[in-house]
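Listed here are the chains, written in short residue letters.
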Amino acid sequence: MHIHILGICGTFMGSLAVLAKQLGHRVTGSDANVYPPMSTQLEQQGIELSQGYNEDFLDQDPDLVIVGNAMSRGNLAVEALLNSAVPYCSGPEWLSREVLQSRWVIALSGTHGKTTTTTMTLAILEAADMKPGYLVGGVPSNGAPSAALGESPFFVIEADEYDSAFFDKRSKFIHYRPRTLVINNLEFDHADIFDSIKDIQKQFHHVVRTVPQIGQVIVPANTPLIDEVLDKGCWSDIVTIGEGSNSDWGYRLNQEDGSSFDVYLKGELQGRVNWLQTGDHNVANGMSAIAASHNVGVPVSVAIEALCNFSGVKRRMEQIFNDDRVALYDDFAHHPTAITTTLAGARKRLGESAKLIAVIEPRSNTMRMGVHRANLAASVNEASESYWYQPDSVDWSLEDVVSATRSPAHLTTSIDQLENDLIDLVTASNDKVEIVIMSNGAFGGIHQRLVNRLSACE
C-alpha cells in the first residue's frame, strides 16, 4: 500500500511514518517545514519527503492519506484530498487500527515530560530484554528511530492530549486504549484547542475510562487537578508517586540537583539512581518510568540500572557544543513551567555563581496566543541573563515580559542579531557560559549557526 502523510515532519506523524514503513508500506509525505532531526530520520528510513502543500501528492496515486492535526480546512492539500475519492484518516486512528490492536499499551501522558518519560520507560523495557514496540514524540539521542513495531505484546507510547485531526477533535490518546496509563502532571496548555483546564480534564477522564479493570493508572500523589479527573470515575488500580516514602512509589534526593535519588516501593528501599539527568522534573519522570515498567513485570533493580545508563533525548537539555568557554544546550521547553523546571535543574547543577543564559523563542500555539505571557518573566528567574526572540507569528509584544524579568533581558526580532549578541557574550566573558536554547521548532537555525561560529573560533 502507498501511504502519503500530510504534516509528516511533526514529531508524532514522523514516528507514524516509521511504523508504516516497517509494516512494508511505501511511505511518502509532505510538510511546510522540513527540518532536522525528524527530516534526517525519515530520509534515513527511505521515506520520500516534499516541501510545501499542494495537489501534486495526488498524482502519485496514494491508497491512503494520513492527515496530521496541523492540517486545516483551506489548506490546498486538504482541499484537494477532500475533493478526491482517496481514503483518509487521522494518525491516531491509523495507529490504533493497524498497530495497537491486541497490544499491552503503556501510555505516558501529562502536560510536561511525556517524551522523556516515554524514552525512559522504553530504555527500561529494552534493558529487561522485553523487545517492546514504541512511538516517541522525539528522536532518541542514541541514534535509534523514534518508533518501532517491536517483537513482544508490549507497546510504549507517548500519549498526547492534543487533538487527532481537523475532523476528529478528540485527544490523540483516546484512540490508544492503554492498559498502563501514566499521568505525569496536568496544567493548562494548547489554548488553540482547549478553552479551559476543565476541557483538558475531560479528555484525561475519557482516557482513564478506557483503561481496563486489570489495568493501572499511575499518578503523582496529592495533585488536585489530577485527583479531580480520577474523582470523575476510575475503574482501575491507582498507583501514586511522591517524595518521601509514604506513596506507593517514593523517592528521596541524595543530591539537590536530582542527579542521585533513592527509590522506595511501599516504604521499602529498592535502590539508588545515579544518573546524568538533573532537575526535580526528571526525577519525577524517572519514577513514573520505574512504576510503569514494574507494572509489566520489570524488576525494580533492572529499572534502576537502566536509568543509571540513560543517555537522554534529543532536544531535551541536549548538549550540542562544549569547550572551555561555553556549553550550548538545545531544549524543547515551550511552556513557562517547563522553562522554570529546566533552568532550576541547570542552576542546581551549576551552582549560584555560574553564568546561565536562557535563549527563548515563544513559538507554540499557546505562546503565540499570549495565554502564558504573565508567567514568562518569572520562568527565567534562575537565569543570569535571558534573550527573547520575537517571531513574526507572535502578534503580541514581548517588551513587557523583558521589562519584568528579574535579571538582565534582551529582545530581538533578528536571528542574525541574536547570533551575534550571543557570540559577543561568550567572547567577552571571563568565565564559562552555559547557554540553553528553548524552542519547540527550528528557531531560525540558531543552534547550528552558533555551533558553526563557536567551532570556527576554537
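Scroll up for the structure.
Quick caveat: nothing in here was measured; it's all calculated off a predicted structure. (Residues numbered from 1 in each chain as written. Predicted model: local features only at pLDDT ≥ 70, side-chain atom pairs only at ≥ 80, totals over all residues. Heavy atoms only, no water.)

**A short note on the overall build of the protein chain**
Test applied: In this text, helices come from DSSP runs of H or I with a minimum length of four residues, and strands from runs of E with a minimum of two, each type numbered from the N-terminal end. The rule is simple: take the accessible area with a 1.4 Å probe, protein chains only, and divide by the maximum for that residue type; under 20% is buried, over 50% is exposed, in between is partly exposed. We get accessible surface area from the Shrake-Rupley algorithm with a probe of 1.4 Å; when it comes to residues, only the shown protein chains can shield them. Only four residue types enter the tally: Lys and Arg on the positive side, Asp and Glu on the negative side; His and the chain ends are excluded. By convention, the point assigned to a charge is CZ for Arg, NZ for Lys, CD for Glu and CG for Asp.
Tallying secondary structure elements over the protein chain gives 15 helices and 23 strands in all. Its C-alpha atoms give the protein chain principal-axis dimensions of about 60 × 60 × 40 Å. With 458 residues in all, the protein chain has 57% of them scored as buried. Of the roughly 18,500 Å² of accessible surface on the protein chain, a fraction of 45% belongs to carbon and sulfur atoms. Across the protein chain, the centroid of the 34 positively charged side chains sits 4 Å from that of the 56 negatively charged ones.

**Considerations on the packing of helix α5 (residues 114–127) against helix α9 (residues 300–308)**
The condition is simple: Axis geometry follows a simple rule: fit a line to the C-alpha atoms, using only the stretch in contact for helices, then measure angles between N-to-C directions, giving values from 0 to 180 degrees. Angles are sorted into four bins: roughly parallel if under 35 degrees, roughly antiparallel if over 145, roughly perpendicular if 65 to 115, and oblique for all others. Take the far helix as the reference: if the near one is turned anticlockwise from it by less than a right angle, the crossing is left-handed, and if turned clockwise, right-handed. Should any heavy atoms of two residues lie within 4.5 Å, those residues are considered in contact.
Direction vectors running N to C along α5 and α9 enclose 120°, while the axes themselves pass 9 Å from each other. Here α5 lies oblique to α9, going by the angle between them. At the point where α5 passes α9, the crossing takes the right-handed sense. Where α5 approaches α9, its residues Met120, Ala123, Ile124 and Ala127 are matched on the opposing element by Val302, Ala303, Ala306 and Leu307.

**Overview of the sheet that holds strand β21 (residues 385–389)**
Heads up, the condition is: Pairing between strands is defined by DSSP: at least two bridges between them are needed.
Pairing is mixed across the open sheet formed by 6 strands, whose spatial order is β18-β19-β23-β20-β21-β22. This sheet does not close on itself; its edge strands, each paired only once, are β18 (318–322) and β22 (409–412). Ignoring strand direction, the axes of neighbouring strands in this sheet form an average angle of 20°. As judged from the 6 bridges shared by strand β19 (residues 326–331) and strand β23 (residues 433–438), these two strands associate in the parallel manner. Paired with Val326 across the bridge in β23 is Val433. In the packing of helix α10 (residues 336–350) onto the sheet, the strands contacted are β19, β20 (355–360) and β23, and the crossing angle to β20 comes to about 160°. Here helix α14 (residues 415–428) sits on the sheet and contacts β19, β20, β21, β22 and β23; the angle it forms with β21, its principal contact strand, is near 165°.

**Regarding the pattern of salt bridges**
The criterion, for reference: Should a side-chain nitrogen of Lys or Arg be within 4 Å of a carboxyl oxygen of Asp or Glu, the pair is scored as a salt bridge.
Summed over the entire model, instances satisfying the criterion amount to 17 salt bridges. Measuring nitrogen to oxygen at the nearest pair gives 3.2 Å for the salt bridge that ties Arg97 to Glu98. Judged by relative accessible area, which is 41%, Glu98 ranks as partly exposed. With a shortest N-O distance of 2.4 Å, Arg325 and Asp323 are connected by a salt bridge. Salt bridges linked by common partners bring Asp416, Glu419, Arg449 and Arg453 together as one network.

**Remarks on helix α6 (residues 197–210)**
Operational definition: Every helix has an expected span of 1.5 Å times one less than the residues it contains.
Given a rise of 1.5 Å per residue, 14 residues ought to cover 20 Å, and the 21 Å separating the end C-alpha atoms of α6 matches this to within 8%. Taken together, the buried positions of α6 are Ile200, Gln201, Gln203, Phe204, His205, Val207 and Val208. Buried residues belonging to α6 abut β6 (104–109), β11 (168–171), β12 (180–183) and α7 (224–231).

**Here's the deal with the environment of Leu122**
Mapped onto the elements, Leu122 comes out in helix α5. For Leu122, a relative accessible area of 4% gives the class buried. For the pair Leu122 and Gly244, spaced 122 residues apart in sequence, the C-alpha separation works out to 26 Å.

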